[in-house]
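Examining the three-dimensional arrangement
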Amino acid sequence: AQSVTQLDSQVPVFEEAPVELRCNYSSSVSVYLFWYVQYPNQGLQLLLKYLSGSTLVKGINGFEAEFNKSQTSFHLRKPSVHISDTAEYFCAVSDLSGATNKLIFGTGTLLAVQP
Amino acid sequence: DAGVIQSPRHEVTEMGQEVTLRCKPISGHNSLFWYRQTMMRGLELLIYFNNNVPIDDSGMPEDRFSAKMPNASFSTLKIQPSEPRDSAVYFCASSLDRGPGYTFGSGTRLTVV
């Protein structure tokens, strides 16, 4: 079974500063990895995904994430955040070998960008 | 592409009443998922359909919850009778079979008073 850990429930940061949101996963098989963003009172939107190939994945809105198999991590980064990036960010894992594409989500990290 | 469509967007009901939430997946997608989101428990997978057949309903909390998918373009999640602890945002998502990643609907915010 897979699991996802997002250690930081909230990350405050000033506008134009860099940010890293941490995600660690646990799985005995190969996985796909995802980051979703949820703006207030909205559904979840896919930010980026790692399926295979290059371990550095670029997504929308200037975000990127790096897959590190040895550390079982998939941390999300942005070099300079904007007020509009304030949202909840969810890391998720999907089992590659299973018969389903069920997604397991972390508990989320609230990114609070301050002016 | 209209995306995943959920209705209603908001629902307020009294304890004991029946509640039905609706979802229209993206055309061509054959996997459909119902999730519940609360502050305490985060995002929980309730049930998963593939080709209109329920594959995994282990997340359905109690017998008061039931879900159906009568055809490829429509699914319902029913709670009967509803209780205050069912208050949450319920999301529907769809994807292509084994396709990585879902497309989520905007959710239904359910409040049971």
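Before any of the text, the structure's been laid out above.
As the structure is a computational prediction, the values presented were derived from the model and not from experiment. (Residues numbered from 1 in each chain as written. Chains lettered and ligands numbered in written order. Predicted model: local features only at pLDDT ≥ 70, side-chain atom pairs only at ≥ 80, totals over all residues. Heavy atoms only, no water.)

1. Concerning the overall build of chain A
Note the following rule: Segments assigned H or I by DSSP are reported as helices when at least four residues long, segments assigned E as strands when at least two residues long, and all are numbered from the N terminus. Only C-alpha atoms enter the radius of gyration; for comparison, a globular chain is expected to reach 2.2 Å times N to the power 0.38, where N is the number of residues. The rule is simple: take the accessible area with a 1.4 Å probe, protein chains only, and divide by the maximum for that residue type; under 20% is buried, over 50% is exposed, in between is partly exposed. Positive charge is attributed to Lys and Arg, negative charge to Asp and Glu, and no charge count is given to His or to the chain ends. Note on charges: their place is set at NZ of Lys, CZ of Arg, CG of Asp or CD of Glu.
Within chain A one finds 0 helices and 12 strands. Listing every helix and strand of chain A by position from the N terminus yields β-β-β-β-β-β-β-β-β-β-β-β. What you see for chain A is a C-alpha radius of gyration of 14 Å, in line with the 13 Å of a compact globule of 115 residues. Along the longest, intermediate and shortest principal axes, the C-alpha atoms of chain A span 45 × 30 × 20 Å. Evaluated residue by residue, chain A yields a buried proportion of 46% over its 115 residues. Both charge centroids of chain A, one from 7 positive and one from 9 negative side chains, sit 9 Å from each other.

2. Examining the interface of chain B and chain A
This is how the line gets drawn: Contact criterion: two residues are considered in contact whenever any of their non-hydrogen atoms come within 4.5 Å of each other. Here a salt bridge means any side-chain nitrogen of Lys or Arg lying within 4 Å of a carboxyl oxygen belonging to Asp or Glu. Polar contact is the term for a pair of N or O atoms within 3.5 Å; when the atoms are in protein, one must be able to donate a hydrogen and the other to accept it, and sequence-neighboring residues count only if both atoms are side-chain atoms. Classification used: nonpolar for Ala, Val, Leu, Ile, Met, Phe, Trp, Tyr, Cys and Pro, charged for Asp, Glu, Lys and Arg, polar for all others including Gly.
Taken residue by residue, the interface counts 22 residues in chain B and 19 residues in chain A. Between the two partners, chain B and chain A, sit 0 salt bridges. Put simply, chain B and chain A have 5 residue pairs in polar contact (both at pLDDT 80 or more) between them. Within the residue set of the side of chain B that touches chain A, elements represented by two or more residues are strand S4 (31–38), strand S5 (42–50), strand S6 (53–56) and strand S9 (88–95) of chain B. The residue inventory of the side of chain B that touches chain A, partitioned by class, reads 11 nonpolar, 7 polar and 4 charged.

3. A look at the side chain of His 75 of chain A
Residues and elements named next belong to chain A. Note on placement: His 75 falls in strand S9 (residues 73–78). For His 75, the side chain forms a polar contact with the main-chain nitrogen of Cys 23, separated by 2.9 Å. Not counting residues up to four positions away in its chain, the partners in contact with His 75 are Glu 20, Leu 21, Arg 22, Cys 23, Asn 24, Trp 35, Glu 64, Ala 65 and Glu 66.

4. A few points about the environment of Gly 107 of chain B
All names here are of chain B. Topologically, Gly 107 is positioned in the loop between strand S10 (103–104) and strand S11 (108–112). For Gly 107, a relative accessible area of 2% gives the class buried. The residues contacting Gly 107, other than those within four sequence positions of it, are Gln 6, Pro 8, Arg 9, Val 89, Tyr 90 and Phe 91.

5. Regarding the layout of surface pockets
Residues and elements named next belong to chain A. The following threshold applies: Each cavity reported here is a set of points on a 1 Å grid over the protein atoms alone in which a 1.4 Å probe fits but cannot get out, each pocket an open set with protein on both sides within 12 Å along at least five of seven lines, and each lining residue one with an atom within 4 Å of a point. Grid points are joined across faces, edges and corners, and a volume is the space filled by probe spheres set on the points.
In this model, the largest pocket occupies a volume close to 700 Å³. Computed from the structure, the second largest pocket encloses a volume of approximately 180 Å³. Residue lining of the second largest pocket: 12 residues in total, with Tyr 25, Ser 30, Val 31, Phe 67 and Lys 69 positioned closest to the centre. When the residues that make up the lining of the second largest pocket are grouped by side-chain class, the tally is 7 nonpolar, 4 polar and 1 charged.

6. Topic: the packing of aromatic side chains
Here is the rule we go by: We call Phe, Tyr and Trp rings a pair once their centres come within 6.5 Å, taking the six-membered ring for Trp, and we label the pair stacked below 30 degrees between planes, edge-to-face above 60, and tilted otherwise.
All told, the structure shown has 15 aromatic pairs over all chains when counted by the stated rule. When the ring of Phe 33 of chain B is compared with that of Tyr 102 of chain B, the centres are 4.0 Å apart and the planes differ by 20°; the resulting orientation is stacked. Of the two residues, Phe 33 of chain B is situated in strand S4 and Tyr 102 of chain B in the loop between S9 and S10; the sequence distance between them amounts to 69 residues. Neither residue differs from the other here; Phe 33 of chain B and Tyr 102 of chain B are each classed as buried. The rings of Phe 34, Tyr 36, Phe 90 and Phe 105 of chain A together with Phe 33, Tyr 35, Tyr 48, Phe 91, Tyr 102 and Phe 104 of chain B are connected pair by pair, giving a single aromatic cluster.

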